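Inside the fold
Spelled out, the chains give:
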Amino acid sequence: MLDFIIKRLIQVVIVVFLALTAVFFLIRLSGDPTTLFLPPDAPREQIEEYRELLGFNRPLYVQYTDFMKGAIQGDFGESLRSGDDALGLVLERMPATFQLAFSALLLSIIIAIPLGVLSAYKRNTLFDKASVGITVIGQAIPSFWFGLILIFIFAAQLKFFPSSGGGSVNHMVLPVITLALYSVSRFVRFTRSAMLDVLNKDYIRTTKAAGTPTSTLIMKYALKNSLIPILTLIALDLGVLLGGAVITEAVFSWPGVGRLLHQSLMNRDFPIVLAGVFIIAIIYAVINFITDILYAYVNPQIRVK
Amino acid sequence: MRNNKLLITFLLIITMLLAACTESTNVDGNSSSSPDSSSGANSQGPLVIGFEADATTLLANHDVNYTTDTLIRNIYDPLIDRDSQTAEFVPVLAEEWKNIDEKTWYLKLKEGIKFHNGADFNANAVKFSIDYILDESNGSFYRSRWANVEEVVVLSDYEVEIHTSVPFPSLIQRIAEDLLIIEPGYVEEVGIEKASSKPVGTGAYTFVEWSRDNHLKLKAFEDYWQGKPEIEEVEFRIIPEFSARMSAFMSGEIYLFKNIPVDSVKQFESNEVKQISSSRINYLALSNLVDGPLKDVKVRQAINHAINANELLETVLSGYGSRITGPLSQLNADYAETKEYDYDPDLAVKLIEEAGYSPEELTLTLDTPSGRYPMDSHIAQAIASQLQSIGINVEVRVNEWGQHLEKIQKRETGDMYILGWGPAFDAQSTIENLFTLEAPYSSFYQENIEKKIKETNQSFDQEARYAGYAELQQQLVEQAAWVPLWQQADLYAVKSSLNFSPRVDEKMNVFEMSWN
């Protein structure tokens, strides 16, 4: 088991390293930030001077090794615009993103699992078809569009909720629903097929024949056994929710990491972007790591493999 | 029947969940963030202004950025400002200014003005604020503009002299556009980092709270030297998405925001839209620095004749903009009338033929940003189709903004590109920065024009300067250095309960606003 954990930990480090490397080089394709920071009338020698001050005049590989040396020690440098500690700025935003992601996940679970179970149990009925249909639509709708529609109806027209910003539960409702839409659709479909698998098993048929009440049959025997793959999906989706809320956060002006990354990318504030990617990559890799460990714990065959 | 029951139960659960969420239990106990439920704006609460992006720092004189500057101008005062409609210089913290000689400026300051923390405003504060820009270790992005300033000398508590290394006639413009006054004692006491997030100035509003990328809250400064502001509390709310800003405006959450896209104006009530001609101009640069037919003045003139800018303005921009015919707008202090190239496709073809080409053999590239200026990429496509109608092949290349700028600076664009310039109130800051060899933003260069620019800039004699710039404007138009398009229209959404007049310099000074 220890071997397995060490191997997986090494994988986490590799994933984070590769993610940082890829983003480091990719954002440099977007142009030299110095030109965006300085007033357009800045003379050429001044631009060169700032390039030197910010370190952009060095060869790219030198910039990269220096960045990696810092990153290993948790030092991502300072925001090019404001001079604040980049990692500090990202960490400051994490609570807001966590709040949104966990709420969306909770909402998804509360809605999706009962819906998936019922869909499976009532296979091929109108209810099943409707719920499958809705989940297909849910997966197909782009989140920014859905978010804007919610804002238009519930904020601009009905004035039930504020259209943007953060700070209160009221502010959370629309972004949480938007973010949950995709997960709900995935969870329903997955729960439904996992349940169908189990419901077709012999032991369920036998239990049913023995006269076990339907609720006990579903809750105690069927759902419990189909939960393991569902939990895996939930864990993976948490990663997606934490890292992929960029668009939702931008649409709803939610002051989380996604917004910060979006804004920093537009401003070419590289240290913040890299610090943000670092944190998201770590979260993603750690969630996967924990899922793997739990899996291995539950299913020893995986450890052997 | 059973199915229906389940469906209803499910819907009920969702409704209950939503209802549970709607209770106005605030996470941070912040009650002011709930939406205004009345249809109109409520004149009792804080004035909420929607902004596309947040300030990157609240310390003055650091970040050259429209948003940062606009927000913090409510906290700090400048020495000199521009008149909100005519753009002429008006005294603020400075009482008067004059040249002692070509390299020395003298400023007399107003007395009896206090900072928010009670400290006195004086010459030391001015010196400290300029020194902040000049000190390399501060990394102020304004330094490039102030590089010619050698030293600030405090003559007395309310008199300063600014010494420059070369004659610097546009220093007053730099003071008006860049410089805001910081409280030295406060910055020295708390350090730059804290002063960057909790600012102290002499401005009409004092700092209350800043939640980055969320909101900036300010309240009226009771002892403001120009009298207590009419509007008690202000909140700048950061809403990057236009649709979300519009929804927030429609629901009464915000009272004011800038930059309604021209194609969305119809969605607002007509009395809720205010416009002003911006000092920002848009143009189509015609590069004579890349090898190609545009090196020939006749081809450049032909392109000017082949593009119907009035039609573009009326159709693509729905009339929101004011046509310009030369390198400066009428708002500009040194503006001189220049001839307009009439739309004349036949003449265009003739000129191209005189230059030794036929339109069909010309293939030009046109670089454009997307989303930086009103309808920019649409304009580029429309220009391409106008040029194609006389036979010129045009390849439009849409660039991401940072890339576009870098391509221009490195002279890697094609033959033509769309760009804007501004705010621009005097000729030097436009013409010098566009038409010298070092200046990258027009890609047009002629030695005699650069020589004339240098001569004119050295002059402190206003009449000679004006005459020099008038001649330059004529020359640039004759040489068809670019295709002048228009001054942008700044479009603001304003609730009728707010008394607000847009300024030509795009600033939003809440002190000038009031409730109706």
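Just so it is clear, the model here is predicted, and its values are computed rather than measured.

What counts and what doesn't
- Residues numbered from 1 in each chain as written.
- Chains lettered and ligands numbered in written order.
- Predicted model: local features only at pLDDT ≥ 70, side-chain atom pairs only at ≥ 80, totals over all residues.
- Heavy atoms only, no water.
- Pairing = 2+ DSSP bridges.
- Helix = DSSP H or I, 4+ residues; strand = E, 2+ residues; numbered from the N terminus.
- Axes fitted to C-alpha atoms, helices over the stretch in contact; angles between N-to-C directions.
- Contact = heavy atoms within 4.5 Å.
- Buried area = accessible area lost by both parts, 1.4 Å probe.
- Salt bridge = Lys/Arg side-chain N within 4 Å of Asp/Glu carboxyl O.
- Polar contact = N/O pair within 3.5 Å; in protein donor to acceptor, adjacent residues only side chain to side chain.
- Nonpolar A, V, L, I, M, F, W, Y, C, P; charged D, E, K, R; others polar.
- Buried < 20%, exposed > 50% of the residue type's maximum accessible area, 1.4 Å probe, protein only.

1. Brief notes about the sheet that holds strand β6 (residues 149-156) of chain B
Strand-to-strand pairing in sheets goes through backbone hydrogen bonds, with the strands running parallel or antiparallel. All names here are of chain B. Ordered by their spatial adjacency, four strands build an open sheet running β4-β5-β7-β6, and the pairing between neighbours is antiparallel. The open sheet has two free edges, formed respectively by β4 (94-101) and β6, since each of these has just one partner strand. Neighbour-to-neighbour, the strand axes of the sheet open up by a mean angle of 20 degrees, direction not taken into account. Two elements, β4 and strand β5 (residues 104-109), share six bridges in a ladder whose sense is antiparallel. If you follow W97 over to β5, its bridge partner there is L107. Of the strands in this sheet, β5, β6 and β7 (159-164) are in contact with helix α3 (residues 123-134), which crosses β6 at around 170 degrees.

2. Considering the interface of chain B and chain A
The interface is formed by 66 residues belonging to chain B together with 65 residues belonging to chain A. Looking only at chain B, the three residues that lose the most surface to chain A are F141(B), R212(B) and D213(B), adding up to 12% of its buried area. At the boundary of chain B and chain A, one finds five salt bridges. D84(A) is the salt-bridge partner of R212(B), the closest N and O atoms lying 2.4 Å from each other. Viewed at the interface, chain A and chain B are joined by eight residue pairs in polar contact (both at pLDDT 80 or more). Going through the elements one at a time, α1 (2-22), α4 (143-146), α8 (242-250) and α13 (401-409) of chain B are the ones with two or more residues in the side of chain B that touches chain A. Of all the elements, α1(B) adds the most residues to the side of chain B that touches chain A, at nine residues. In the side of chain B that touches chain A, the residues fall into 24 nonpolar, 24 polar and 18 charged.

3. Regarding the pairing of strand β17 (residues 482-494) of chain B
All names here are of chain B. β17 sits mainly inside the fold: 13 of its 13 residues count as buried. The pairing of strand β11 (residues 256-258) with β17 spans three bridges and is antiparallel. From the neighbouring strand, F257 faces β17, where its bridge partner is A493. Strand direction decides the pairing type here: strand β12 (residues 273-286) and β17, joined by 10 bridges, are antiparallel. Note on β17: the bridge partner recorded for A285 is W482. By the bridge criterion, three bridges tie strand β13 (residues 321-323) to β17 in an arrangement that is antiparallel. When the sheet's bridge partners are listed, S322 is paired in β17 with Q487.

These figures come from the coordinates and say nothing about function on their own.
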